[in-house]
Structure formats: C-alpha cells, structure tokens
Amino acid sequence: MKKSLFTGVALAGFLSVYAAHDAEAASQTYKIKSGDSLSKIANVYNVSVSQLKEWNKLKSDLIYVGKSLTVSSPASSSKSVSPSSAPSSSDKYTVRSGDNLSKIASKYKVSVTQLKQWNNLKSDTIYAGKSLYIKSPSSGKTVSSSSKPASNNSAASTAVKHTVKSGDSLSKIANIYKVSINDIKQWNKLKSNTIYIGTSLYVKNPGSGSSKTGTSTTKPATATKPASSTTVKHTVKSGDSLSKIAGIYKVSVNEIKQWNSLKSNIIYIGDSLVVKKPSSGSNSNSGTTTPKPAPASYKYTVKSGDSLYVIGKRYGVSSNQIMEENKLKTTTIYVGQTLTIPSGGTIVQTSKPSAPVKTAVTYTVQPGNTLSAIASKYKTSVQEIKRINNLKSDTLRIGQILKMTEGELPAPAVLADGIFPLKPGTYQPYPDSWGNSRAYGGTRTHEGTDIMAKKGTPLYSITDGVVERYGWNELGGWRLTIRNHEGYRIYYAHMDKYASGLKVGQTVKRGQYIGTVGDSGYGKTGTTGMFAPHLHLGVYDKNYNAVNPYPFLVYWEQK
C-alpha cells in the first residue's frame, strides 16, 4: 500500500516555536528551528506571512533551519515584539491562519453578519493577515451575541435564530421550524448546504413581523418528530430506487429525502425509510417547493455541463431509466440532444427556474503541494478549499482531486451512475496507487486502488450488472467481477466473505450488499493475513484493459 503524503509540519515543530517565545520576546528576530514554517511563525507573532516575507525580502515561503527572521516591522525596532492573543483596545483584528468569520464573531461576541457589514465583505472568505473591524467603525461599541441584527425595520428585531449543533443539517433545521431549505439559505445568504457548528442561522424571515421571539437561543416548543402511530416505513429491497418507492407510496422523491435526511438519491438494501409524512400539524407553505407528478413523458434538451446523472437527479429518475427510454447504449450525451424523460419521477417547481448545475473547477494534487500554495495559485483561501471539499485537516494525497469552486465534479464518460462501494465512516482516506510496483507473483504494476478498512466491513455493488467472475484467485484471493450494461467490469479483490446466493450469471443491483472486506490472497486457496485488510478495486473496459479507478472513486464519493 502506498502511504499517504502528509503536508504541513509536525506538532513538535509547532510547539518549538511557542517554547522559544519567551527567549525571543524582547528581540526583533527569531531563529528558525526544525519543523517551523512561515505560517506557524506568523501565527505566534501575530503578523502575516506577507509581512514576514516583505521584512525579510523572501521571494517564496521556503525557509531554512538556523536562519534568523525579522518578526516585527523595522520601523518599530525600539519596541519589543511578543505574540499577542488578540487586540485588547483596538477596534481591529488581524486574521490568522485557521480563522473563519464564525470563530472571530464568537470570540468578540458579535454576529457574522455584523462583521461582513462593518468590513464590506460580500462572502465569508477571509485571508490570513487581513485586518477586520470587530466593532462598528461609526459607534466604536461592540454588540453582544444576544443582540439582534441592526435594522431600521422593526420586524427584523423579532427574527428567530437557531444555533447549529452537532448533527444538524439544513434539512433537519427546516423540518423543525416548518420552513424550506431554500428559505434558510436565502435568509442567511448561504451559497451551499454546508453549515458549521456554532453558527447562528435565521429560521424565521428577518423581514416578517409574525415571529414572536427573537433571541439566538429561541427553540420551538416541540421539535417535529414522526409520530410512531402514523409513520410508515419501507425496507429497501433489491431493485428499489427513490423514484420507485415514491411512486408506490404516492409521495415525492424530495419528501422521502427530507424525512430521512438524505443528501443524495443513493439508498442501500436493508435501509429502513420513512415513506409516509409524519403527523405534525399544519405546515407553512411559505417558500416551499410544490412537487407534482411527472407527465407520461417529458422532452429535455441537453445543455452544457449536463450528464445523465445530473438530468436524472433533476427529474427524480435514474440514469438507467433515461437510457432505456431513449435506447442509449452508453452514458455519452451531446449538447442539443433531445432526451425523453420517463414517467415515475417528480418535477420540482420552485418560485423561479432552478439555476443550471455548475461544474466545479478542479485541481489534482501534485508532489510537494500544500493547501496554502494551491490556495495562492487559485486566489482563494485554505479555509475555503477545506470547506468546499469537506476536509478535516491540511493533509493532502498525491493524485487527490480537489474542487476549487462550488459545483459538481465533471461526470465521467462511463460509470457515471456508480456509487462508492463502502458506506461513509467505514474506510480510511485512500491514495492514488495506480501503477505502483508489486513484487508478489513476479514483477508487475498495481492495476487498481486500495481502500483500507476493517475486516468484515460491508461492501456494496457500485453499479447494476451481472456477476462474471466469482471465487478464488491466487493474487486477488476471494474476488468478484461484475460487468455493467456498458461492458465495463468492476473488480473487487481480497474479500473475506460473499453475500449469500451470489454466483456467476446472477444479476445484481447498484447498492446491493455483495460481501465484506478481507485480507485473502497471495497463496493457495484460503490464504489470509499476508497483508492488512483492504478492498482492492479495479476497473476494466470492454476489452479487459485496466483503467485507473481513482478518478471514478473520487467522483462517486463526492457526488
């Protein structure tokens, strides 16, 4: 297995900067130690990386152990330099690495909206080294966190706010307050569904005078929960899809997704879904979408950026259904092509036509890359890249595909319908190990991607298809090959167990349980323990030529 590439510096190096602080506090210079970086030093001395580079005439972020750096402005040489935790009497705050508006607002007991208003910010993006007003420039007075947003409209003072907690999602919050996700996004000027713990969100129209309470701690008298006596559940079976289940219970795909807090149309065999609207009293109709059954068929003209997956998602049908309706042999479609959208889906009508789905600008991580270097190249911030890609740390992997802008990853020409073979949280981050050398079985290269997971972790079929190969292979151990309708083959190797009843020639459905992760292979039948448990995943085209599966995995994982 190829080890993940870690960027950044070790914690020990970070601590060494702070340990040296007392000795350096009275000096204008700092001697670089092992593990230091410009961002770490800038953080300690409450300056920006740009300032350090300017004062020391540095043309890059590269620094060397033992070199002395000026850590204060030469113009202020008479003053001792010491790191400070925050401005004490100033009305301004200098942004540090790792900061975001929510964090700064919480620290100074103001709202994100106030920070953006005082600093004329049009988005939540901020950069290390930038100075922000943390008090109103006109009044010089800070506003406590319980204060209501400043407005000349008296109705705004009664707006209801909700503080995001662990486990919250826009769908869950909208359900509690009987509003739509679009309402919450509009009232809080959100450009995506991503929210952060501790953020305060408007959950009642700030311009509406009908709200009765207005503090940030306001909660509904009772949270809306499905009443056990009126809740109907459906257990997902082989061949099910959200569209099919919605048709059976005469509800919309969007309703099923909302009731079950689903973020995509992917479902797994054995999952239990709420399929009847729980009894919750009258719902507000303000700003909600109105679903209506799709007509017997609907004509759609393909636009730039479309894929069968994107179109299917928009109309509540699967890519396979569109292909069958239009007698398509591959997932390739062309701009200007007219497609028939089959019945059974749900067209969601909103107050205005939905904007076309944007395709994200992407970047593939190269050796030596860091988030800060990539952010600088694309004129964005590290925090923004981490937000868009849902990164929990600064760690990068060579070959990793990062979104630089909001939008969906470009759909691959084939296998666009696929889903990730393991459930979220059951596997480790995986590098692109395509082409790596392998010693066992003679000199050869790695024709796949290895995904580390615990032995016994459930595996699910990536696509609909037919079992083509099954059983023992010296290199792959207990392995399984499934051929999809495009003629492409998905190869699952080193398995521990197969799902009951699997055999050559059997038809399987996307999301169907097929077995578990193991450590089998590299020996005679039944050999295990020659390596750590993992899934080796391979992709082969119609002619059985190996194709790098890594880009497909990234697409399936992020969609």
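Residues numbered from 1 in each chain as written. Predicted model: local features only at pLDDT ≥ 70, side-chain atom pairs only at ≥ 80, totals over all residues. Heavy atoms only, no water.

## With respect to the overall build of the protein
For the protein, the count of helices and strands is 15 helices and 25 strands. Each of the 559 residues in the protein was classed as buried or not, and the buried ones make up 43%. Long-range pairs, those at least 24 residues apart, make up 64% of the contacts in the protein between residues at least 6 apart in sequence. Summing over all exposed atoms, the protein offers an accessible surface of approximately 29100 Å²; the carbon and sulfur share of this is 51%. (Helix = DSSP H or I, 4+ residues; strand = E, 2+ residues; numbered from the N terminus. Buried < 20%, exposed > 50% of the residue type's maximum accessible area, 1.4 Å probe, protein only. Contact = heavy atoms within 4.5 Å. Areas by Shrake-Rupley, 256 points an atom, 1.4 Å probe, with all protein chains shown as cover.)

## Comments concerning the environment of Lys 313
By secondary structure assignment, the location of Lys 313 is in helix α11 (residues 308-315). Those residues in contact with Lys 313, other than ones at most four positions away along the chain, are Asn 265 and Glu 408.

## Description of the pairing of strand β19 (residues 465-473)
With 2 bridges connecting them, β19 and strand β22 (residues 507-508) associate as antiparallel partners. What sits directly across from Gly 465, in β22, is Val 508. Once β19 ends, the chain turns through 3 residues before running back antiparallel as strand β20 (residues 477-483). (Pairing = 2+ DSSP bridges.)

## Digging into the pairing of β20
Looking down a regular strand, the side chains alternate between one sheet face and the other. Among the 7 residues that make up β20, 5 are buried, leaving the element largely enclosed by the rest of the structure. Pairing of β19 with β20 involves 7 bridges; the strand directions are antiparallel. Across the sheet, Gly 471 pairs through a bridge with Arg 479, a residue of β20. Across 5 bridges, β20 lies against strand β21 (residues 489-498) in antiparallel orientation. Bridge pairing links Arg 483 to Arg 489 in β21.

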